[in-house]
Amino acid sequence: MVALLKGFGLPTNDLASASDLRLWVVEAEHSVFGVIGMERFGTCALLRSLAVAPSHQKRGIGHQLVAHLEKEAQSDRVEQLVLLTEAAETFFRAIGYEVTDRRYIPDEIRRTAEFSSLCPASALCMTKSLPS
Ligand SMILES: CC(C)(COP(=O)(O)OP(=O)(O)OC[C@H]1O[C@@H](n2cnc3c(N)ncnc32)[C@H](O)[C@@H]1OP(=O)(O)O)[C@@H](O)C(=O)NCCC(=O)NCCS
């Protein structure tokens, strides 16, 4: 999983230290080829660490991972998902995420390692409200 994330330049240094992080992986034959994570802060959560191995992309796995995370988030009473992305704006727009200014993101999320130091300032911030 770490190798997969590192391969895309996604943050891994804080995986062990993040306070309330859940990760889901897709694996077969002892190999992880998909991963997604949710770092929760009250009613908001950071969608992070989404990656699908190049050999398995464009088969719907990315969408399935996000749909699974959203379902888990909703049943956990998360109301808003936030993410940072450099390369997947179109992917997320197609499933209801909107670009927003980092200033409008709750402080707890802006203080995460991913927001404050690990992800480049050039990364776009996107958000989606979940139905209650
Ligand atoms: C973004 C990412 C996770 C998408 O994963 P994926 O498994 O390819 O995603 P999907 O297959 O669900 O969807 C990708 C595209 O393939 C299309 N697709 C899905 N199933 C398909 C199929 N059976 N045949 C053809 N196309 C298909 C989707 O419509 C989608 O099209 P779009 O990009 O125009 O919206 C992947 O590209 C990735 O790991 N990128 C690098 C890491 C990254 O940027 N992560 C985001 C940081 S938060």
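Residues numbered from 1 in each chain as written. Predicted model: local features only at pLDDT ≥ 70, side-chain atom pairs only at ≥ 80, totals over all residues. Heavy atoms only, no water.

Student: What is the right way to read the layout of surface pockets from this model?
Tutor: Gaps between atoms show up when a probe of the same size as a water molecule is rolled over them. Here the largest pocket is characterised by a volume of approximately 770 Å³. As for the largest pocket, its lining consists of 31 residues, of which L50, A51, Q57, A87 and A88 are closest to the centre. Going through the elements one at a time, β3 (44-52), α2 (61-75), β4 (80-85), α3 (89-93) and α5 (113-118) are the ones with two or more residues in the lining of the largest pocket. Here the lining of the largest pocket takes 6 residues from β3, the largest share from any one element. Taken together, the residues of the lining of the largest pocket sort by class into 18 nonpolar, 8 polar and 5 charged. (1 Å grid on protein atoms, 1.4 Å probe; cavity = no way out; pocket = protein on both sides within 12 Å on 5 of 7 lines; lining within 4 Å. Points joined across faces, edges and corners; volume = space filled by probe spheres on them. Helix = DSSP H or I, 4+ residues; strand = E, 2+ residues; numbered from the N terminus. Nonpolar A, V, L, I, M, F, W, Y, C, P; charged D, E, K, R; others polar.)

Student: I tried to follow the side chain of S49 on my own but got confused; where do I start?
Tutor: Its place among the elements puts S49 in strand β3. Residue classification places S49 among the buried residues on the basis of a relative accessible area of 7%. Engagement of the side chain of S49 in a polar contact is seen with the side chain of R48, the distance being 3.1 Å. Setting aside anything within four residues of it in sequence, one finds S49 in contact with L5, L15, L23, V35, I36 and G37. (Buried < 20%, exposed > 50% of the residue type's maximum accessible area, 1.4 Å probe, protein only. Polar contact = N/O pair within 3.5 Å; in protein donor to acceptor, adjacent residues only side chain to side chain. Contact = heavy atoms within 4.5 Å.)

Student: I keep staring at the site of the ligand and nothing clicks. Help me out?
Tutor: The immediate surroundings of the ligand are formed by 14 residues, with L50, K58, G60, G62 and H63 found nearest. Contacts to the ligand include L50, whose backbone N or O atom sits 2.8 Å from a nitrogen atom. Within the backbone of G62, one N or O atom sits 2.8 Å away from an oxygen atom of the ligand. For the ligand, whose unbound accessible area comes to 950 Å², protein coverage reaches 68%. Taken atom by atom, the bulk of the ligand overlaps the largest pocket. Listed by contribution, the elements that provide at least two residues to the shell around the ligand are β3 and α2. (Near = heavy atom within 4 Å. Areas by Shrake-Rupley, 256 points an atom, 1.4 Å probe, with all protein chains shown as cover. Sits in = over half its atoms within 2 Å of the grid points.)

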